[in-house]
Amino acid sequence: MDEYVGNLRVATTSNVWTTTGQYEYNNVFVLDGAMKTIGSLTHIAEQEQIYSTRFVGDRLYMVTFKRVDPFFVIDLSSPENPKILGKLKIPGYSDYLHPYDSTHIIGVGKETGTTEWGGVSTKGLKLAFFDVSDVEHPKQIDKVEIGDAGTDSAALSDHRAFLFDKTKNLLVLPARVVKLVDTTGGSRGDQQRIWYGAYVFGITPETGFVVRGTVEHGTSSGYTWYSSPYEVKRSLYIGDTLYTLSHKQILANSLSQINTTIATIPLPDGEDVLYPVMKGM
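Treat the numbers as computed from the prediction; the structure is a model and nothing was measured.

Chemist: I'd like a rundown of the pattern of salt bridges, residues and numbers included.
Modeler: Tallying each qualifying case throughout the model produces seven salt bridges. Across the pair Asp2 and Arg9 runs a salt bridge whose closest N-O atoms are separated by 2.7 Å. Overall, the relative accessible area of 3% leaves Arg9 in the buried class. A salt bridge links Arg176 to Asp152; the shortest N-O distance between them is 4.0 Å. Note that Arg176 is positioned in strand 14 (residues 170-181) and Asp152 in the loop between strand 12 (139-146) and strand 13 (163-165), a separation of 24 residues in sequence. Several salt bridges share partner residues, and in doing so they unite Asp152, Arg176 and Glu231 into one network.

Chemist: Give a description of the sheet that holds strand 1 (residues 2-4) that names residues and reports values.
Modeler: The antiparallel open sheet is built from four strands, whose spatial order is 1-2-3-4. In this open sheet, the two edge strands, each paired with only one partner strand, are strand 1 and strand 4 (37-44). Neighbour-to-neighbour, the strand axes of the sheet open up by a mean angle of 25°, direction not taken into account. Pairing analysis gives three bridges linking strand 1 to strand 2 (residues 7-18), with the strands arranged antiparallel. Note that in strand 2 the partner of Glu3 across the bridge is Leu8.

Chemist: So what's going on with the sheet that holds strand 9 (residues 93-101)? Which residues, and what values?
Modeler: The strand order across the open sheet formed by four strands is 9-10-11-12, and the pairing between neighbours is antiparallel. Across the chains shown, the open sheet's two edge strands, defined by having one partner strand only, are strand 9 and strand 12. Along the sheet, successive strands turn relative to each other by an average axial angle of 30°, direction set aside. Pairing of strand 11 (residues 120-131) with strand 12 involves seven bridges; the strand directions are antiparallel. Counted as the bridge partner of Asp131 is Lys139 from strand 12.

Chemist: Describe in detail the confidence of the model for the protein, supporting the description with residues and values.
Modeler: This prediction gives the protein a mean pLDDT of 90; 89% of its residues lie at or above 70. Least confident of the elements in the protein is strand 7 (residues 69-75), whose mean pLDDT is 91; most confident is strand 13, at 98.

Chemist: Residues and numbers for unusual backbone geometry, please.
Modeler: The phi dihedral of Val5 is positive, around 50°, even though this residue is not glycine. Within the secondary structure, Val5 is located in the loop between strand 1 and strand 2. On the basis of relative accessible area, Val5 is assigned to the exposed category, the value being 68%.

Chemist: So what's going on with the environment of Ser52? Which residues, and what values?
Modeler: Mapped onto the elements, Ser52 comes out in strand 5 (residues 49-56). Measuring from C-alpha to C-alpha, the distance between Ser52 and Gly109 comes to 9.4 Å, with 57 residues separating the pair along the chain. Filtering out sequence-adjacent residues up to four positions away, Ser52 remains in contact with Tyr61, Met62, Val63, Ser94, Asp95, Tyr96 and Leu97. Only 2.7 Å separates the side chain of Ser52 from the backbone oxygen of Ser94, close enough to count as a polar contact.

Chemist: Which residues make up the pairing of strand 14, and what are the values?
Modeler: Of all the 12 residues making up strand 14, nine are buried; the element is thus mostly covered by neighbouring parts of the structure. Alignment of strand 13 against strand 14, held across three bridges, turns out to be antiparallel. Each bridged residue has a counterpart across the sheet, and for Asp165 the counterpart in strand 14 is Leu170. Between strand 13 and strand 14, which pair antiparallel one after the other, the connecting turn spans four residues, and Asn169 there sits at a positive phi close to 50°. For strand 14 and strand 15 (residues 191-204), the ladder comprises 11 bridges, and the chain directions are antiparallel. When the bridges of strand 15 are listed, Lys179 appears paired with Arg193.

Chemist: Please set out the side chain of Arg234 residue by residue, giving values where relevant.
Modeler: Relative to the elements of secondary structure, Arg234 occurs in strand 17 (residues 232-238). On the accessibility criterion, Arg234 (17% relative accessible area) is buried. Here Asp158 takes part through its side chain, which lies 3.1 Å from a polar atom of the side chain of Arg234.

Rules used in this analysis
Residues numbered from 1 in each chain as written. Predicted model: local features only at pLDDT ≥ 70, side-chain atom pairs only at ≥ 80, totals over all residues. Heavy atoms only, no water. Salt bridge = Lys/Arg side-chain N within 4 Å of Asp/Glu carboxyl O. Buried < 20%, exposed > 50% of the residue type's maximum accessible area, 1.4 Å probe, protein only. Helix = DSSP H or I, 4+ residues; strand = E, 2+ residues; numbered from the N terminus. Pairing = 2+ DSSP bridges. Axes fitted to C-alpha atoms, helices over the stretch in contact; angles between N-to-C directions. pLDDT = per-residue confidence, 0-100. Contact = heavy atoms within 4.5 Å. Polar contact = N/O pair within 3.5 Å; in protein donor to acceptor, adjacent residues only side chain to side chain.

What follows is the structure in structure tokens.
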């Protein structure tokens with residue numbers, strides 16, 4: 001949802017059951033100050049669902065997904081007549097969209113592939129960089145894939161975990177990176193290595209994503225990746241120092257030398273640093 005010039009803009013996914021089975025489609029509605037619908041665009045990307053949206057002025061950028069990722073550019077300059085200006089179909093999907101500038105959008109989500117049975121499989125984390133200067137023909141100008149299946153980021157479900165500052169050429173993505181490894185006499189995936197930390201990128205339309213370094217909070221092996229105290233949940237900078245926060249610790253790294261940790265602050269075990277237990281409740 002988004003409020004703009006006195007109107008409420010809403011993007012929805014409708015899911016209904018019919019005599020022939022499940023039917024999904026997506027819509028955009030514009031409501032005035034009296035909550036009266038004054039414009040609508042319905043039945044977008046049938047049999048898919050919305051994964052992310054970003055309203056920017058009189059535009060809506062929207063990602064739906066089922067087998068491929070249609071990235072839509074929707075015109076809302078006339079509230080009574082929303083319309084699709086252009087779209088791009090690519091593998092993968094974005095769970096979060098963030099504006100870089102007026103003509104570029106950053107997407108964060110998952111890469112996907114096709115299985116041998118013709119289905120869709122989820123792979124690693126995906127950063128995508130979209131150029132929307134030609135609204136009828138948006139294009140992906142760069143992408144980065146991190147890790148194997150099972151790789152995840154707190155930013156996919158909590159967008160406050162995503163850190164971006166264009167003036168500092170800084171993008172920080174917390175990550176739980178799963179790497180499948182071969183074992184002697186076994187097959188790929190017999191064991192997993194899990195890395196917990198944050199990836200730090202520079203990003204411009206000319207260079208795309210450039211890795212400036214990584215901050216490691218911990219590693220482990222096996223299949224117990226969930227709820228690790230080393231999983232990074234937040235990042236921020238103060239001056240020229242980047243701070244990354246997990247339940248276990250806060251690490252301070254210089255923005256000029258990301259791979260070097262200059263201070264470590266251990267945190268008490270057993271409490272969620274983001275949502276602590278309320279005493280007396």
